[in-house]
Amino acid sequence: MTDDKYSWRLLCLELLAVAIALVILAPFYFVLINSVKSFAAILTETAAWPREFVWDNYLRAWDVMNYPVAFMNSLIITVAAITGIVILAAMAAYRMVRHPSLLNKLLFSLFVSAMVIPFQSIMIPLMKVTSQLGMLNSRWGLVCAYFGFGVSLAIFLFHGFIKSVPREIEESGVVDGCSPYGVFWRIVFPLLQPMIATVVILNALWIWNDFLLPFLMVNSSPSLRTIPLSTFALFGEYTKQWDLAMAALVMGVAPIIIFFLALQRRIIEGITAGSVKG
Amino acid sequence: MGGPKGNQWLQQLVFVGPAFIFFSIIVLIPFFFGIYYSFTSWNGISTTVEWVGWDNFKRLFSDRHFVNAFLFTVKFMIVTVIITNTIAFLLALLLTRALKLRNLYRTVYFLPNVIGGLLLGYIFQFIFTRGFPALGELTGIGLFQLPWLGTAGTGFWAVVIISVWQMAGYMMVIYIAGIISIPKELLEAGKIDGASGWSLIRRIVVPLVMPSVTVCLFLTISNCFKAFDQILSLTGGGPFKSTETVALDIYFEAFTRNHFGLGSAKAIVFFIIVAAVTMVQVALTKRREVEA
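Residues numbered from 1 in each chain as written. Chains lettered and ligands numbered in written order. Predicted model: local features only at pLDDT ≥ 70, side-chain atom pairs only at ≥ 80, totals over all residues. Heavy atoms only, no water.

Caption draft 1: Representation of the overall build of chain A within the structure. A tally of regular secondary structure across chain A gives 14 helices and zero strands. Each helix (α) and strand (β) of chain A, taken in turn from the N terminus, gives the series α-α-α-α-α-α-α-α-α-α-α-α-α-α. Referenced to the eigenvectors of the C-alpha coordinate spread, the extents of chain A come out at roughly 75 × 70 × 35 Å. Here chain A holds 278 residues, and 54% of them are scored as buried. Within chain A, contacts between residues at least 6 apart in sequence are counted, and of these 73% link residues at least 24 apart. A total of about 12,500 Å² of accessible surface is found on chain A, and carbon and sulfur atoms cover 67% of it. Across chain A, the 18 positively charged side chains and the 15 negatively charged ones have centroids separated by 10 Å. (Helix = DSSP H or I, 4+ residues; strand = E, 2+ residues; numbered from the N terminus. Buried < 20%, exposed > 50% of the residue type's maximum accessible area, 1.4 Å probe, protein only. Contact = heavy atoms within 4.5 Å. Areas by Shrake-Rupley, 256 points an atom, 1.4 Å probe, with all protein chains shown as cover. Lys, Arg positive; Asp, Glu negative; His and termini not counted. Charge placed at Lys NZ, Arg CZ, Asp CG, Glu CD.)

Caption draft 2: Broad picture of the overall build of chain B. Within chain B one finds twelve helices and zero strands. Relative to the globule expectation of 19 Å for 292 residues, the C-alpha radius of gyration of chain B, 24 Å, shows a markedly less compact shape. Each of the 292 residues in chain B was classed as buried or not, and the buried ones make up 54%. Considering only contacts in chain B between residues 6 or more positions apart, those separated by 24 or more positions represent 70%. Approximately 13,400 Å² of chain B is accessible, and the part contributed by carbon and sulfur atoms is 68%. (Rg over C-alpha atoms; globule rule 2.2 N^0.38 Å.)

Caption draft 3: Broad picture of the side chain of Thr243(B). All names here are of chain B. Mapped onto the elements, Thr243 comes out in the loop between α10 (229–234) and α11 (246–255). Residue Thr243 is classed as buried on the basis of its relative accessible area, which comes to 0%. Here Thr235 takes part through its side chain, which lies 2.7 Å from a polar atom of the side chain of Thr243. Each residue touching Thr243, except ones within four places of it in the same chain, is listed here: Phe72, Gly155, Phe156, Val159, Ile231, Thr235, Gly237, Gly238 and Leu248. (Polar contact = N/O pair within 3.5 Å; in protein donor to acceptor, adjacent residues only side chain to side chain.)

Caption draft 4: Quick look at the confidence of the model for chain B. Residues and elements named next belong to chain B. Confidence in the prediction of chain B, expressed as mean pLDDT, is 88, and 97% of residues score 70 or more. Mean pLDDT across the secondary structure elements of chain B bottoms out at helix α7 (residues 184–192), with 80, and peaks at helix α3 (residues 64–95), with 94. Two numbers describe this predicted complex: its pTM, 0.90, and its ipTM, 0.90. (pLDDT = per-residue confidence, 0-100.)

Caption draft 5: Structural context of the pattern of salt bridges. All names here are of chain B. A complete count under the given rule lists nine salt bridges over all chains for this structure. Taking the shortest distance from any N to any O, the salt bridge between Lys266 and Glu253 comes out at 2.6 Å. Remark: Glu253 occurs in helix α11 and Lys266 occurs in helix α12 (residues 260–287); sequence separation between them is 13 residues. You can call Lys266 buried: its relative accessible area is 0%. Among the residues examined, Glu253 registers a relative accessible area of 1% and is labelled buried. Connected through salt bridges with shared partners, the residues Asp63, Asp249, Glu253, Arg257 and Lys266 form a single ionic network. (Salt bridge = Lys/Arg side-chain N within 4 Å of Asp/Glu carboxyl O.)

Caption draft 6: Representation of the interface of chain A and chain B within the structure. Each partner contributes residues to the interface: chain A has 89 residues there, and chain B has 81 residues. With both sides pooled, the region where chain A packs onto chain B buries about 7,800 Å², and carbon together with sulfur makes up 78% of that total. Seen at the junction of chain A and chain B, the total is zero salt bridges. Between the two partners, chain A and chain B, sit 16 residue pairs in polar contact (both at pLDDT 80 or more). Per-element tally for the side of chain A that touches chain B: the top contributor is helix α1 (residues 3–34) of chain A, with 17 residues. (Buried area = accessible area lost by both parts, 1.4 Å probe.)

Caption draft 7: Here's a closer look at a nonpolar patch on the surface. Residues and elements named next belong to chain A. Where nonpolar side chains cluster on the molecular surface, the patch consists of Met72, Leu75, Ile76, Val79 and Trp140 and spans about 460 Å² of accessible area. A total of four residues in the nonpolar patch trace back to one element, the largest contributor, which is helix α4 (residues 67–98). Turning to its location among the elements, Val79 is positioned in helix α4. (Patch = residues over 30% accessible without salt bridge, like charges linked within 9 Å, V, L, I, M, F, W, Y side chains within 5 Å.)

Caption draft 8: Quick look at the nonpolar core. Of all hydrophobic cores here, the largest spans 196 residues; its most connected members are Ile155(A), Phe158(A), Leu213(A), Tyr109(B), Phe110(B), Val114(B) and Met172(B). Here the element with the most residues in this core is α4(A); it accounts for 17 residues. In contact with Val114(B), other than residues within four places in its own chain, are Leu205(A), Asn209(A), Ile256(A), Ile257(A) and Phe260(A). (Core = buried A, V, L, I, M, F, W, Y, C linked by side-chain atoms within 4.5 Å.)

Caption draft 9: Representation of the environment of Arg288(B). Residues and elements named next belong to chain B. Along the chain, Arg288 falls in the segment after α12. Looking at Arg288, the relative accessible area reads 60%, which means it is exposed. The spacing of Arg288 and Met210 is 78 residues in sequence and 6.8 Å in space, taken between C-alpha atoms. If near-sequence neighbours (up to four positions away) are discounted, Arg288 is found in contact with Pro207 and Met210.

Caption draft 10: Examining the layout of surface pockets more closely. Each pocket or cavity is described by its volume, and for the second largest pocket that value is around 1,200 Å³. Lining the second largest pocket are 34 residues; nearest its centre among them are Leu93(B), Thr96(B), Arg97(B), Ile179(B) and Leu187(B). Of all the elements in the fold, those that place two or more residues in the lining of the second largest pocket are α1 and α14 (264–277) of chain A together with α3, α4 (102–110), α6 (152–180), α7 and α8 (197–208) of chain B. Of the residues contributing to the lining of the second largest pocket, the split by class is 21 nonpolar, five polar and eight charged. (1 Å grid on protein atoms, 1.4 Å probe; cavity = no way out; pocket = protein on both sides within 12 Å on 5 of 7 lines; lining within 4 Å. Points joined across faces, edges and corners; volume = space filled by probe spheres on them. Nonpolar A, V, L, I, M, F, W, Y, C, P; charged D, E, K, R; others polar.)

Caption draft 11: Here's a closer look at unusual backbone geometry. Residues and elements named next belong to chain B. Positive phi outside glycine occurs at Phe240, with the angle close to 50°. As for its position among the elements, Phe240 is in the loop between α10 and α11. One non-glycine residue with positive phi stands out, namely Asn258, at about 60°. You can see Asn258 is positioned in the loop between α11 and α12.

Caption draft 12: Inspection of the packing of α4(A) against helix α10 (residues 193–209) of chain A at higher detail. All names here are of chain A. Where α4 contacts α10, the two axes come as close as 10 Å, and the packing angle between them is 145°. The handedness of the crossing between α4 and α10 is right-handed. When α4 is examined against α10, the residues Phe71, Ser74, Leu75, Ile77, Thr78, Ala81, Ile82, Ile85 and Val86 are found in contact with a partner set consisting of Ile196, Val199, Val200, Asn203, Ala204, Trp206, Ile207 and Trp208. Looking at the contact of α4 with α10 residue by residue, the classes come out as 14 nonpolar, three polar and no charged. (Axes fitted to C-alpha atoms, helices over the stretch in contact; angles between N-to-C directions. Left-handed = near helix turned anticlockwise from the far one by under 90°.)

Put into structure tokens, the structure is as follows:
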């Protein structure tokens, strides 16, 4: 093959890659241009560039969704749940790796095999259990539920990672007079940083976007609704009001897209690390 | 107090205890309660729970909703898994070439995956009901003018399209990692032996990315089984329940028809099927993994 011919082929592939990118982005383009049109314009000229920009759609969607409240609920729940999952799972995984007793081996396989249980398989009794424990319609109840669902994968990932951390590093801490808890917090936990990033990213995408669990647990208190829940409520109440709906969708997806674009390299690396191990 | 032994138990409790408590309350206990409820006719509210033995499970086979949802889910799963993985693998091959804007493409292809299923379903509801007809008018292409969410046949493909659009980029990233890890020497050796193009891909690349195939098949199969959010917001299971997955059927059975017992039986059967299918798949594809 000559160089000339080769770059020709590469150019064709480059064009193909651009075309695919445009197809993938097309739905976003449609939503974006229609979010600033009047209702009539959306129906008559859906594909056209907006003739006049109707920013009022955004103001109305902002109010209907109660956007600041929904955003804060999503943020608080996601951050609190991830913090708990990381700490609980790192501690449990550390103990299980360093003390592989029969009990710990059993517990580890219990955590791991529970990962195949689909959420819909246990949601019915889950509602009963959480309601009796007073966890419904409470932000903290929902966060605790995420602890329960999230620790399995996180323990699995930390377990694999801690196995590769040499024990000698910890022994230096023991010599310095650290308690077992001190060794974990001051020496082991900081070393887990790369895997913590993976666990945070995987859980952030899941919890921020999750619908059914929060829907079952907190949807009846409007002040606790997350972004997916308030979007669902808006679509239920204002059926086919596309002007309102498009603005709401833009505001709904904006935070997670900004998060992704800001950290895209780490997110894609984290996801690869998480899935190849998983 | 308890000396070294007692100390060990305290540590076990402090390190593993909290994770295990949350896990038990949220996953283990509901799981076993679910098995119990599946043998009852409980409606979710009444205080008396009546034991009905295997009745719920016997009813499943004649339950129209469940049988239809099950057939739809299997068909949807097979079609989506094949299309998603084929596209993802081809995209991975494309992006492992020396393209100028490789990282930009990777970002764009991955982008649909960060959007939650519920919002994604609404976006595509608009695309299928307003965007496609508009494109159809502009271009005259008949495909765009179909009633995408209006009939069972097109509804099926609408659900497939949105699922492929969402998952392909994610699987692509995993395939890229697999392709990159293939030692360069092997590809060079293959080229020297006269293999080129497709035979290079078939004989060398495909066998060596089998670990990625195992992961991707597992993820796509279990995602398809569990598909809920995007179908709820795209079609709501319609038209005429034609796009209702087992996951949706369990939800409706329990929370709109208030049959917690029957719903639990469906949930248990659903769990057994998902676990069995994914375990068989992992065992099968793992056997085909080869060392480089």
